[in-house]
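Listed below are the residues making up each chain.
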Amino acid sequence: MGKSTSSNRDWTQMYAIYGMEQWQTLIFLLCQAILFSVLSVLYLFYFDLVCNFFERIFSGTGGTARFAAGITGSVTALSALCLFFAAANFFYSSVPLHFDMAQRIVSAVHDWSSVKLALDLGCCGRGILLNAVATQLKKEGSCGRVVGLDRSKRTTLSTLRAAKMEGVGEYVTCREGDARRLPFPDNYFDVVVSGVFVHTVGREYGARTAEAAAERMRAVAELVRVMKPGGVGVVWDLLHVPEYVLRLQELKMEDVRVSECVTAFMVSSHIVSFRKPSQHVHGPAEVRLDWRLC
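Residues numbered from 1 in each chain as written. Predicted model: local features only at pLDDT ≥ 70, side-chain atom pairs only at ≥ 80, totals over all residues. Heavy atoms only, no water.

(A) Just the overall build of the chain, in detail. Each helix and strand in the chain was counted, giving eight helices and nine strands. The burial tally for the chain puts 46% of its 294 residues in the buried class. Here the analysis covers contacts within the chain between residues at least 6 apart in sequence; of these, 80% occur between residues at least 24 apart. Just so you have it, the chain exposes about 14,600 Å², and 59% of that area is on carbon and sulfur atoms. (Helix = DSSP H or I, 4+ residues; strand = E, 2+ residues; numbered from the N terminus. Buried < 20%, exposed > 50% of the residue type's maximum accessible area, 1.4 Å probe, protein only. Contact = heavy atoms within 4.5 Å. Areas by Shrake-Rupley, 256 points an atom, 1.4 Å probe, with all protein chains shown as cover.)

Structure follows, in structure tokens:
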């Protein structure tokens, strides 16, 4: 798999086209960071008063009180820094990192000129990956199309608007559907991609329950089902990629590759790519670590 072909884009332009999902989380992190910053400054200005407070708690032990006050102030300041970092990482992961990872996913497919149909599983309203695939098809002069599958009509309409703004509207189609029961026949797509979506499947059962894990595995199996023999799949996701690798091995996928860890939304993420065998194979699949994805 080749290196990333990410091009430089103006952040303002990207946010104007794609906006930002879950902006409430960013606002919450920033408010908490500002609150802890203000508390840290107040600790500096009123350190003696804080020490007096701790002296009353520790029955007049001055050294212990000052130590406790110092530790409390340090923890408050470090909390503010961590919250600012979390907010910055969330802001960066939302669009710029997502765009960069979309380019890496696209570069993991060697030959787009022969791709007639591609699927973006869970285009999630904004369609950053969907439009990256469509842009690659346009660049190749292909007559192919990419289908974005999402769970609601409202988000698919938003995705189509973004595709038109990117100038690739004629290459994009959106459909509503459930990733666990894809509305497509077997062996339908040449390429299937997905970006930070599969981990959301089954979350109505709780993030770390056996039921949620089973639902995610159903989604992975569906992803494989709709791929043509010889087709390529590339999935970028958070936390659960080792589960997907095991499931792909069970399904006898070939050339399974896992990228180096990338921190996204303050958790670990990986890209896993694989190829569906042209004919049924026996025996365990080989898993490779491919740092060139990063």
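(B) Inspection of the environment of Thr-135 at higher detail. Summarising the element assignment, Thr-135 is placed in helix 5 (residues 128–139). A relative accessible area of 35% means that Thr-135 is categorised as partly exposed. Taking the C-alpha atoms as reference points, Thr-135 and Ala-163, separated by 28 residues in sequence, lie 9.4 Å from one another.

(C) Geometry of the packing of aromatic side chains. Summed over all chains, the structure comprises five aromatic pairs. For the ring pair Phe-90 and Phe-265, a centre distance of 5.3 Å and an interplane angle of 75° mean the geometry is edge-to-face. Taken as a pair, Phe-90 in helix 4 (residues 62–107) and Phe-265 in the loop between strand 7 (262–264) and strand 8 (267–275) lie far apart in primary sequence, 175 residues in all. Among the aromatic residues, ring-to-ring pairing joins Phe-184, Tyr-188 and Phe-189 into one connected group. (Phe/Tyr/Trp six-rings, centres within 6.5 Å; stacked < 30°, edge-to-face > 60°.)

(D) Region of the structure containing the packing of helix 7 (residues 210–225) against helix 8 (residues 241–250). Running from N to C, helix 7 and helix 8 cross one another at 50°; their axes reach a closest spacing of 10 Å. One finds that helix 7 runs oblique with respect to helix 8. Of the two possible hands of crossing, helix 7 and helix 8 adopt the one that is right-handed. Contact residues: Ala-213, Arg-216, Met-217, Val-220, Ala-221 and Val-224 in helix 7; Glu-243, Tyr-244, Arg-247 and Leu-248 in helix 8. Looking at side-chain class alone, the contact of helix 7 with helix 8 contains seven nonpolar, no polar and three charged residues. (Axes fitted to C-alpha atoms, helices over the stretch in contact; angles between N-to-C directions. Parallel < 35°, antiparallel > 145°, perpendicular 65-115°, else oblique. Left-handed = near helix turned anticlockwise from the far one by under 90°. Nonpolar A, V, L, I, M, F, W, Y, C, P; charged D, E, K, R; others polar.)

(E) Representation of the pattern of salt bridges in the model. Scanning the entire structure with this criterion turns up 13 salt bridges. In this structure, the salt-bridge partner of Asp-100 is Arg-104, at a minimum N-O distance of 2.7 Å. Placement of both Asp-100 and Arg-104 in helix 4 is noted, with a separation of four residues, approximately one turn of the helix. The pair formed by Asp-100 and Arg-104 is uniform in burial state, with each residue classed as buried. Note that Glu-243 and Arg-216 form a salt bridge whose closest N and O atoms lie 3.3 Å from each other. On the criterion of sequence distance, the pair formed by Glu-243 in helix 8 and Arg-216 in helix 7 is long-range, its members being 27 residues apart. (Salt bridge = Lys/Arg side-chain N within 4 Å of Asp/Glu carboxyl O.)

(F) View of empty space enclosed by the protein. Summed over all chains, the structure comprises one cavity of 30 Å³ or more. Its volume calculated, the largest cavity comes out at about 40 Å³. As for the largest cavity, its lining consists of Val-198, Val-220, Leu-223, Val-235, Tyr-244, Leu-248 and Phe-274. Broken down by secondary-structure element, the contributors of at least two residues to the lining of the largest cavity are helix 7 and helix 8. Grouping the amino acids of the lining of the largest cavity by side-chain chemistry returns seven nonpolar, no polar and no charged. (1 Å grid on protein atoms, 1.4 Å probe; cavity = no way out; pocket = protein on both sides within 12 Å on 5 of 7 lines; lining within 4 Å. Points joined across faces, edges and corners; volume = space filled by probe spheres on them.)

(G) Highlighting the pairing of strand 5 (residues 227–238). Relative to strand 5, strand 4 (residues 189–195) runs parallel, the two sharing six bridges. Among the inter-strand pairings, Val-192 is bridged to a residue of strand 5, identified as Gly-233. By the bridge criterion, seven bridges tie strand 5 to strand 8 in an arrangement that is antiparallel. Paired with Leu-238 across the strands is Ser-269, a residue of strand 8. (Pairing = 2+ DSSP bridges.)

(H) Region of interest: helix 7. With 16 residues, helix 7 should reach 22 Å at 1.5 Å per residue; the first-to-last C-alpha distance of 22 Å fits that figure. Inspection of helix 7 places Ala-212, Glu-215, Arg-216, Met-217, Ala-219, Val-220, Glu-222, Leu-223 and Val-224 among the buried residues, and these make up the whole buried set. Buried residues belonging to helix 7 abut strand 1 (117–121), strand 4, strand 5, helix 8 and strand 8. (Expected span 1.5 Å × (residues − 1).)

(I) Local environment of the nonpolar core. Trp-112, Val-133, Val-146 and Val-172 are the most contacted members of the largest nonpolar core, which totals 40 residues. In contact with Val-172, not counting residues within four places along its chain, are Leu-130, Asn-131, Ala-134, Arg-145, Val-146, Leu-160 and Ala-163. Ranked by size, the runner-up nonpolar core spans 29 residues in total, among them Val-192, Met-217, Val-258 and Phe-274. (Core = buried A, V, L, I, M, F, W, Y, C linked by side-chain atoms within 4.5 Å.)

(J) Inspection of the environment of Leu-149 at higher detail. Position of Leu-149 relative to the elements: it lies in strand 2 (residues 145–150). According to the relative accessible area criterion, Leu-149 is buried, its value standing at 1%.

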